[in-house]
Amino acid sequence: EPMTLIFAGDIMLDDGPGRLIAKGGDPLAPFAKTLKAADYRIANLECVIATGGTAEVKPYTFRAAPATIAVLQRHFDAVSVANNHSGDFGKAAFAEQLGLLKSAALPWFGGGLDLAQAHEPWIVERNGLRIALLGYVEFKPRSFEAAANRPGVAWSGEDEQVLRDIETARSGHHADLVVPFMHWGWEDEGTPSPRQREFARRMIDAGANLVVGSHPHVTQGADMYRGVPIVYSLGNFVFNGFDTEATTTGWLLEASLSRRGVERWRIRVVRLDADGPPRP
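Residues numbered from 1 in each chain as written. Predicted model: local features only at pLDDT ≥ 70, side-chain atom pairs only at ≥ 80, totals over all residues. Heavy atoms only, no water.

Novice: Honestly, the overall build of the chain in this entry has me stumped. Any pointers?
Specialist: Across its full length, the chain carries seven helices and 18 strands. A compact globule built from 280 residues would reach a C-alpha radius of gyration of about 19 Å, and the chain, at 17 Å, matches this within 12%. By principal-axis analysis of the C-alpha atoms, the chain measures approximately 45 × 45 × 35 Å. The burial tally for the chain puts 56% of its 280 residues in the buried class. Long-range contacts, defined here as pairs at least 24 residues apart, represent 70% of the contacts in the chain between residues at least 6 apart. Total accessible area computed for the chain in this model is approximately 11300 Å², and 50% of it derives from carbon and sulfur atoms. In the chain, 29 side chains carry a positive charge and 34 a negative one; their mean positions are 4 Å apart. (Helix = DSSP H or I, 4+ residues; strand = E, 2+ residues; numbered from the N terminus. Rg over C-alpha atoms; globule rule 2.2 N^0.38 Å. Buried < 20%, exposed > 50% of the residue type's maximum accessible area, 1.4 Å probe, protein only. Contact = heavy atoms within 4.5 Å. Areas by Shrake-Rupley, 256 points an atom, 1.4 Å probe, with all protein chains shown as cover. Lys, Arg positive; Asp, Glu negative; His and termini not counted. Charge placed at Lys NZ, Arg CZ, Asp CG, Glu CD.)

Novice: What is the right way to read the packing of aromatic side chains from this model?
Specialist: Working definition: an aromatic ring pair is given by the centre-to-centre distance plus the angle between the planes. Under the criterion given, the structure shown has eight aromatic pairs. Taking 5.2 Å as the distance between ring centres and 75° as the angle between the ring planes, the aromatic pair formed by Phe-239 and Phe-242 counts as edge-to-face. When its relative accessible area of 5% is taken as the criterion, Phe-239 is described as buried. According to the relative accessible area criterion, Phe-242 is partly exposed, its value standing at 24%. Taken together, Tyr-60, Phe-62, Phe-239 and Phe-242 form an aromatic cluster joined through their ring pairs. In this arrangement the basic side chain of Arg-195 is found over the ring face of Phe-199, its NZ or CZ atom lying 4.2 Å from the centre. (Phe/Tyr/Trp six-rings, centres within 6.5 Å; stacked < 30°, edge-to-face > 60°. Lys NZ or Arg CZ within 6 Å of the ring centre and 35° of its normal.)

Novice: Where do I start with the environment of Pro-192 in this structure?
Specialist: As for its position among the elements, Pro-192 is in the loop between strand 11 (177-183) and helix 7 (194-206). By relative accessible area, Pro-192 is classed as buried at 9%. Sequence spacing of Pro-192 and Ala-222 is 30 residues, and the spatial spacing of their C-alpha atoms is 9.0 Å.

Novice: Help me understand the environment of Val-262, please; the structure alone is not making it clear to me.
Specialist: One can find Val-262 in strand 17 (residues 261-272). The class for Val-262 is buried, based on a relative accessible area of 18%. In the structure, Val-262 is positioned 85 residues away from Leu-177 in sequence and 9.3 Å away in space, judged by C-alpha atoms. Discounting residues that sit within four places of it in the chain, Val-262 has contacts with Asn-209, Leu-210, Pro-229, Ala-255, Ser-256 and Leu-257.

Honestly, it's all geometry; don't read function into it.
Written out as structure tokens, the structure reads:
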């Protein structure tokens, strides 16, 4: 039978959502039933979860308390850490986050303790179907990128590396299907850039079976190329500090995949309230 995956956009658990969790609340409770119905649930973790580190010099920095992991674990099976906020409090805080996720048995992808680990896929398997998920960020600062002996995220600015990772997911990890989860595009832009459109097609030509994106804080529409869906940006899912209709509207992507690729897919529209939690 097809495997059902749900993808959520940016989840930020500092500030308003963090205060709600600290009081015993659950910002994801309104979607508990929807998320539970999928075989696997994946989201972009748009913050670092740690206690240490020093804030980088940038307009916004997000650091959530370790207690927030329990809420993530309740609703998601894995998170992508490939984004422009994973390094907000430095390499040590990022490494601390990976340790906390590992201790909680909550898988991640798109980052690691070194460059090799950052480019490793997360593999899910059910009924003999193996799906590889890869995560990448191409929004600055690039200083968050992992190196041979330095923790960090997987960078997608090197296109050929991403294409090799997709091919290796099949040849080296024996994946039947490959799904890149991209952190890309310009903030507040409601349509994908020429770069997003072109690179999405190159990834599909290299073997991707579904391309999903986040980062712009707004949704950006979808395309089909060679029968493969491209959802350019899911927008925000848990995030406060936004007040326009576009930035407080997000998407949940539900996709059923078989060996033939994506059999069915649909979008659920979500609305964020002032404190950050989403509502159907």
